[in-house]
Each structure stands twice: as structure tokens, then as C-alpha cells.
Amino acid sequence: MSITSVLKFVSAVGLVVFFLFLIPPVIGFFYREDVFIYALSMFSLFIINLSVFLILKNNPMHLGIKESIVSVNFIWILLGIGGAIPLVLYSKIDPAGAFFEAISGFTTTGASVYTDVEILPKSILFHRSLMHWIGGIGIIVMGVGLLPLINPSGSLSLFKAESTGISIDKITPKIKDTAKRIWGVYILFTVVNFALLMLFGMNWFDAINHAFATISTGGFSTKNSSIGAFSDGVIWTTTFFMVISGINFLAHIRFFSGEKFAFNTEEIKWYIVLIVLLSIVMAVEHNHTSQDSLYYSLMHASFTVATLASTTGFASLDYEKWGQFAMMIAIVSMLMSANAGSTAGGIKIIRYILFFKNIGLEIKRSIQPDVITSIFVDGKQIKSSIINSIFGFFALFILTAFLTTMYLFARGFDFLTAFSTSIAMLGNIGPGLNLTGPSQNYAFFSWYDKMVLSFVMIIGRLECYTVFMMLGRTFWKKF
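Residues numbered from 1 in each chain as written. Predicted model: local features only at pLDDT ≥ 70, side-chain atom pairs only at ≥ 80, totals over all residues. Heavy atoms only, no water.

### Describing helix α6 (residues 122-137)
This is how it is decided: In this description a helix means any DSSP run of H or I spanning at least four residues, a strand means any run of E spanning at least two, and both kinds are numbered starting from the N terminus. In a helix, the anticipated span is given by 1.5 Å times the number of residues less one. Accessible area is worked out with a 1.4 Å probe on protein chains only. A residue is then buried under 20% of its type maximum, exposed over 50%, and partly exposed in between.
For α6, with 16 residues, the first-to-last C-alpha span of 23 Å sits near the 22 Å given by 1.5 Å per residue. α6 sits mainly inside the fold: 15 of its 16 residues count as buried.

### Observations concerning the nonpolar core
Basically, it comes down to this: Working definition of a nonpolar core: buried Ala, Val, Leu, Ile, Met, Phe, Trp, Tyr and Cys residues. They are joined through side-chain atoms within 4.5 Å.
In this structure, Phe21, Leu354, Met425 and Tyr442 are the most contacted members of the largest nonpolar core, which totals 139 residues. For this core, the leading source of residues is helix α1 (residues 3-20), giving 10 residues.

### Concerning the environment of Ser446
This is how it is decided: Think of a polar contact as two N or O atoms within 3.5 Å of one another; within protein, one of them needs to be a possible hydrogen donor and the other a possible acceptor, and neighboring residues in sequence only count if both atoms come from side chains.
Along the chain, Ser446 falls in the loop between α18 (415-426) and α19 (447-461). Of the polar contacts made by the side chain of Ser446, one reaches the side chain of Arg411; its length is 3.4 Å.

### A word on the pattern of salt bridges
Side chains that carry opposite charge are capable of pairing whenever their charged atoms lie near each other. Put simply, the rule reads: By salt bridge we mean one thing: a side-chain nitrogen of Lys or Arg within 4 Å of a carboxyl oxygen of Asp or Glu.
Inspection of the entire model under this criterion finds 7 salt bridges. Here Glu463 and Arg351 are joined by a salt bridge, their closest N and O atoms 2.8 Å apart. Of the two residues, Glu463 sits in the loop between α19 and α20 (465-468) while Arg351 sits in helix α16 (residues 349-367), which places them 112 residues apart along the sequence. Taken as a pair, Glu463 and Arg351 share a single burial class, namely buried. As a salt-bridge pair, Arg411 and Asp449 come within 2.9 Å of each other at their nearest N and O atoms. Of the two residues, Arg411 is situated in the loop between α17 (384-410) and α18 and Asp449 in helix α19; the sequence distance between them amounts to 38 residues. On the basis of relative accessible area, Arg411 is assigned to the partly exposed category, the value being 32%. Beyond isolated ion pairs, a larger network of salt bridges with shared partners links Lys348, Arg351 and Glu463.

### Describing the packing of α1 against helix α3 (residues 36-55)
For clarity, the cut-off: To obtain an axis, a line is fitted to C-alpha atoms, over the contacting stretch when the element is a helix, and the angle between two such axes runs from 0 to 180 degrees between their N-to-C directions. Here the angle decides the label: under 35 degrees means roughly parallel, over 145 means roughly antiparallel, 65 to 115 means roughly perpendicular, and every other value means oblique. Left-handed describes a crossing whose near helix is turned anticlockwise from the far helix by less than a right angle; the clockwise case is right-handed. We call two residues contacting when some pair of their heavy atoms lies within 4.5 Å. Lys, Arg, Asp and Glu make up the charged group, whereas Ala, Val, Leu, Ile, Met, Phe, Trp, Tyr, Cys and Pro make up the nonpolar group; the residues left over, Gly among them, are polar.
Where α1 contacts α3, the axes come no closer than 8 Å and their chain directions differ by 150°. Considering their axes alone, α1 and α3 lie roughly antiparallel with respect to each other. In terms of crossing hand, the pair formed by α1 and α3 is left-handed. Residue-level inspection shows Leu7, Lys8, Val10, Ser11, Ala12, Gly14, Leu15, Phe18 and Phe19 of α1 in contact with α3, the latter providing Met42, Leu45, Phe46, Asn49, Leu50, Val52 and Phe53. When the residues that make up the contact of α1 with α3 are grouped by side-chain class, the tally is 12 nonpolar, 3 polar and 1 charged.

### What to know about the packing of helix α5 (residues 95-106) against α19
Where α5 contacts α19, the two axes come as close as 9 Å, and the packing angle between them is 20°. As far as their axial angle goes, α19 and α5 are roughly parallel. Relative to α19, the crossing made by α5 is left-handed. Across the interface between the two elements, Ala96, Gly97, Phe99, Phe100, Ile103 and Ser104 from α5 touch Trp447, Lys450, Met451, Leu453, Ser454, Met457 and Ile458 from α19. The residue makeup of the contact of α5 with α19, split by class, is 9 nonpolar, 3 polar and 1 charged.

### Some points on the side chain of Thr343
Position of Thr343 among the secondary structure elements: in the loop between α15 (324-336) and α16. For Thr343, a relative accessible area of 7% puts it in the buried group. Within the structure, Thr343 has its side chain in polar contact with the backbone oxygen of Ile215 (distance 3.1 Å). Of note is the side chain of Thr343, whose polar atom sits 3.3 Å from the backbone oxygen of Ser245. If we skip the residues at most four places from it in the chain, Thr343 touches Thr108, Gly136, Tyr186, Ile215, Ser216, Thr217, Ser245 and Phe249.

### Looking at the confidence of the model for the protein
The condition that has to hold: The predictor attaches a confidence to each residue, and that confidence, scored 0 to 100, is pLDDT.
The predicted model of the protein has a mean per-residue pLDDT of 88, with 91% of residues at 70 or higher. Within the protein, the element-level pLDDT minimum falls on helix α8 (residues 152-162), averaging 47, and the maximum on helix α11 (residues 232-245), averaging 97.

### Regarding the environment of Phe475
If you trace the backbone, Phe475 turns up in helix α21 (residues 473-478). Spatially, the C-alpha atoms of Phe475 and Ile65 are 9.6 Å apart, while their sequence positions differ by 410 residues. Setting aside chain neighbours within four positions, we find Phe475 in contact with Lys66, Ile69, Val70, Met469 and Met470.

### Quick look at the side chain of His127
Along the chain, His127 turns up in helix α6. The contact partners of His127, leaving out residues within four places of it in the chain, are Phe21, Pro24, Tyr38, Gly83, Pro86 and Leu87.

This is how it looks when you write it as C-alpha cells:
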């Protein structure tokens, strides 16, 4: 394995990230906060990464599968540490809690250890949202798209190591150009969301923070009551942008390139249908069992389903107070997830589609053993290797969720809290149920619980394989 290639790429990405992290001190200076140590610490990290990069500048870079997987894992841990430093310096939080918050930010999980975010300095609030925005587009997409030093084969390896889906697709022949187009759409959505939030009554600071957290499907808010602190217009706007951020960004690129039927895919159609169906069912049930109007029920039901399905993690109200039925819908939405190739975490709908199609195929084969059939999605035949990888992913996801649930249960937490928290962490969703519900936070966990949950978030963000591959001897011997 080429250690110099790993260090060169990690330092290059670090250069971009810690340069962007000089923006929060500027925000703090604007609000007359004492941000000297903050700026100094981020500038120091920038200089360290610059020094490593310059030392290795003339070294040839080779990023094969092994180097890419090691780089991706290494980057997420180092950025968690770097992102935690300002939180330790400028808020009353322990290092484990700060690391948890930073990893939650970068993985766009949105789970917080802060009980009162409204007392935090503006610079720290912006820092949290910026971690979302950087992590949402994908650390590697950012690196490949902005740094011309990456060769095409290395770019593909990096995409494979951090991709959120069943296969790698490209709009342009070069992955670097595809990454740049993804960046363009990502920035466009952020700007439009920001403008609409201001139009519906948010001030510029709240609007930029919530735009960052929405388009990245992150969930950090500047208010203790999250989106519930704002107007109906803000709630509907955020619902819309959470939904479209959960759609494959390659479909957005195709649409803006003039492809009329870019969204006419099985995964996108199922995603939209399920969100609409679950929202209507939750709204009608709540309207029937409460004194709330149908409009109020539909608005908050739609928001709740969208925030959980897109793994954003905002809250407009405490849906646990709506009763057991609402909690059931919430669990279904959490497990449902969004599209591959989006900023959302979770299992992804395309995997469910292939999972159930394969079950149907096996049932057909058991009835007609001689029949020769294949699985098709959007008219394309799916390779058996992809089907096998999906079943492998489900096995790893279930195993990780089970072990996390059993760990939390053994630590003394009730089963609903343990189970929902494991799904919320592994799916990068944010809120769970009961003790980690939408009106709660993660501050009550011990420092070692926070560290365990932090690594579960990384496993979920990297979709299991990228992390677990490093634990086997075969990985280190074969490549």
C-alpha cells in the first residue's frame, strides 16, 4: 500500500476543509465574538495539511482500492477530531461529546449532545451547519471535483469507497467532471433554499444555517424547537427541499441538462409514492383522533415523513405525542430511506426494490424450476454480483444494528430507545424514539457510549462495506 498516496490525498482534502473552516471565525467576528483561538486553531490545521501536501507534492499518487478505502476511513476520523476542536474550545462540552457532535455533523446524522443550542456562539452554530454542508456533498466528491491532482482511476476508486448506492454511474466520461456538476446542483439548491427561507421570514443567519442543514439532509438547527420555531412557509419549503435532496443527484443533473424524463425511474417513483402515502395516512389518522385541523395534521405529517425518510432529522413537533400509530409511521419512514446517489443516509430504496424483486424471482423459480428469468430495473438487467452485494449489505446492516442495540440494551436503556437509536445512528437519521426522540438529545450518554455511537455513524455513512473490509486479513493481503 502506498502510504504517501494516502497522506497526500488526505492532506489535500484537509486543505480544502480547513480553509472553509476559517469562515465560522469570520461570522463570529461579525457578531463581535472572541474567535482568535478558534481562527488560530483552524489556521494551524490548514498549515499542517499544507505542509504535508507540499512535502509530498512531487511524489506520484496511486490510489487503488486499498489506498482509497484507507483514505476514506482515515479522513472521516481526522475530520471528526478537527471539527471537534472548536466545540471543545467554545462550548461546555467534553472531548467525546465534541467528537460525537463533529461526526454527527460530517455524516449528516444531525444527532446533538447540546441541550440548548440557542446559547451557543454564532460561530459554533455556523461551524455545525458547515460540517453538514461539507459532509453532505461527500468528502470524496469534494476532493475529486476540486483537486486536479487526482487521476481518473484513483477518482473511480474513491467514488467506489464512499458511494451511496449499488453501482457507480457517471454523467460525463470523467468522474471529476461529474463531481463538479454535482457540486453545481448542490450549490444551486442551497442558494434557492436560502432565498426562499428568507422570503418566508427567516433572518439571513438562520436561513443559511438551515439551508446548509436541509440540502445536506443533516438536521442541525439554530433553534431548540428546530423548524417548529418558524412559519408554515418555512416548514413547507423545508419539506420540499428535504424531499428533493433525497433524490439521486445524477437525476437532477440530467433534468437540468434537458432530459425530460430524468425522474422517471423506479426508485424515484417509489420514493415519492411512499412519502405521499405515509404522509396522508399519518395526517388522516391524527386528524381523526385529535382536535387538530386536517391542514395542520397534513403539514406536520408530511414534514415528519420527509425528514425521517430523507434522514435529515429536523423536527416541527414531537410526533411521539401523536400516539403509537404515528410512531409506527415514523419507524417505517426511518427504515425506508431515500435514493442512492443522494445526500441521504440509510438503506436506500433501490436496495429494497432489488431485494423484493429477487424474492419474487425465487418464488417463481420454486413454482417453475425450469424458468429462466432475470431481474430488471428501469429496463436494465441487474447482474447477480449486485444482487449478492445487496444481500451482503443487508446482512452487515442488520448485524451492526443488532450489535448496537444489544450494546445499548446491556447498558441499561429500554429496548425502544436502544433499537431506534441504533437505526438512527447507522442510518444517519438523527432522532430516534423515547429517550432519543425528536424533543430529546444525546447528552445523557456516557463518553464511551458517544464514542461507540460515533463509529456507528461512520459505518452507516460509509455503508458498512468500506469499514468492515479493513477488518479482514484478505483486504491487507490481496490488494
